[in-house]
Amino acid sequence: MIILIMALFAIAAFLASMTIKKSGIRYAVTLVMFAGLILSVIMVIANMHDHYGMTSVTTTTKKEIHSAGPTTQNFGMLLYQQIGTDGKENAYIYKTAAQDKKTTVAKPDLNMTTSHVNVSGNKAYKVTKTTRFVYKSNGFKLLFGVANNDGEIKHRQVIYQVPPTWVALTTGQAKSLASKLAPKNEAEKMIAAQQQKQLSDLAKSDPDQAARLTVNQVKKVLRID
């Protein structure tokens, strides 16, 4: 609609300058038409640059995620790796379904920030808060709808919620975990076998407690606070 209005102002200014005989009226009408045209251009620029006529609306979604580790592990694992030159954002690795064979690698874009936090419970979630620009009214949408920017993403915040039965590790930490947990001598092998049996027995009656104990051991070995 705004393009049509701009065209009408331009045509009206041209016709006024060509058909109105009295110079005073001709100049006044032409000036008004040009002023309307300039104002329309300013509104278009304001809409494109500053989202004039729009407001921000935030929606939140929460989806359960599943461990990136093998199903034989009695605890959940969320992996992440720094990306970009400044290292402020991470790509996160997990499974969207427990039976998935392949992991999902979620990479942030320019309008996204990512983080992970500790929460209570025994399930991990991906919480996504998406803020979009939407038109304040149907009038503004009709006026500037040609820009096709209704619903444009302003910002997206993704927070991964990690319970005590899970651990968040960098890909480097995950690669080194097996070697750091491996016993170094016969005495350590005996202790490890005994601990493993105790955890296996505990997992039958209280899997969450077994997972928490394993997570604490992993954090201790990797020196994670």
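Residues numbered from 1 in each chain as written. Predicted model: local features only at pLDDT ≥ 70, side-chain atom pairs only at ≥ 80, totals over all residues. Heavy atoms only, no water.

S.K.: Give a description of the overall build of the protein that names residues and reports values.
M.R.: On a plain count of helices and strands, the protein comes out with six helices and eight strands. Ordered by position from N to C terminus, the α and β elements of the protein give α-α-β-β-β-β-β-β-α-β-β-α-α-α. In terms of C-alpha radius of gyration, the protein reaches 30 Å, well past the compact-globule figure of 17 Å for 225 residues. Each of the three principal axes of the protein carries a C-alpha extent, and together these read 110 × 35 × 30 Å. Pairs at least 24 residues apart make up 69% of the contacts formed inside the protein by residues separated by at least 6 positions. As displayed, the protein offers around 14,500 Å² of accessible surface, 59% of which is attributable to carbon and sulfur atoms. The protein carries 28 positive and 14 negative side-chain charges, and their two centres are separated by 7 Å. (Helix = DSSP H or I, 4+ residues; strand = E, 2+ residues; numbered from the N terminus. Rg over C-alpha atoms; globule rule 2.2 N^0.38 Å. Contact = heavy atoms within 4.5 Å. Areas by Shrake-Rupley, 256 points an atom, 1.4 Å probe, with all protein chains shown as cover. Lys, Arg positive; Asp, Glu negative; His and termini not counted. Charge placed at Lys NZ, Arg CZ, Asp CG, Glu CD.)

S.K.: Describe in detail the pairing of strand S2 (residues 76-83), supporting the description with residues and values.
M.R.: Judged from the five bridges that link them, S2 and strand S8 (residues 166-170) form a sheet pairing that is parallel. Residue pairing in the sheet places Leu 78 in a bridge with Ala 168 of S8. By the bridge criterion, five bridges tie S2 to strand S3 (residues 89-94) in an arrangement that is antiparallel. Following the sheet pairing, Leu 79 is matched in S3 by Ile 93. (Pairing = 2+ DSSP bridges.)

S.K.: Which residues make up the nonpolar core, and what values go with them?
M.R.: Within the largest apolar cluster, 13 residues are counted, with the highest numbers of intra-cluster contacts made by Ile 65, Leu 78, Tyr 92, Tyr 94, Tyr 160, Val 162 and Trp 166. Elements with a contribution of two residues or more to this core: S2, S3, strand S7 (152-162) and S8. Here this core gets three residues from one element, more than from any other, and that element is S7. Counting residues in hydrophobic clusters, the runner-up holds twelve residues, among them Ala 68, Leu 177, Val 218 and Leu 222. (Core = buried A, V, L, I, M, F, W, Y, C linked by side-chain atoms within 4.5 Å. Buried < 20%, exposed > 50% of the residue type's maximum accessible area, 1.4 Å probe, protein only.)

S.K.: I'd like to hear about the packing of helix H4 (residues 171-181) against helix H6 (residues 207-222), residue by residue, with values.
M.R.: Close contact between H4 and H6 brings their axes to 10 Å; oriented N to C, the two are set at 95°. When the axis of H4 is compared with that of H6, the two are roughly perpendicular. Residues Gln 173, Ser 176, Leu 177, Lys 180 and Leu 181 of H4 form the contact with H6, whose participating residues are Gln 217, Val 218, Val 221 and Leu 222. In terms of residue class, the contact of H4 with H6 is built from five nonpolar, three polar and one charged. (Axes fitted to C-alpha atoms, helices over the stretch in contact; angles between N-to-C directions. Parallel < 35°, antiparallel > 145°, perpendicular 65-115°, else oblique. Nonpolar A, V, L, I, M, F, W, Y, C, P; charged D, E, K, R; others polar.)

S.K.: Requested: an account of the packing of aromatic side chains, with residues and values cited.
M.R.: In the structure shown here, the tally under the stated rule is five aromatic pairs. Both rings, one in Tyr 52 and one in Phe 140, keep their centres 5.6 Å apart while their planes meet at 85°; by these two values the pair is edge-to-face. Of this pair, Tyr 52 sits in the loop between helix H2 (23-50) and strand S1 (54-65) while Phe 140 sits in helix H3 (residues 138-144), and the two are 88 residues apart along the sequence. Of the aromatic side chains, those joined through ring pairs into one cluster are Tyr 80, Tyr 92, Tyr 94 and Tyr 160. (Phe/Tyr/Trp six-rings, centres within 6.5 Å; stacked < 30°, edge-to-face > 60°.)

Remember that the coordinates give geometry; whether it matters functionally is a separate question.
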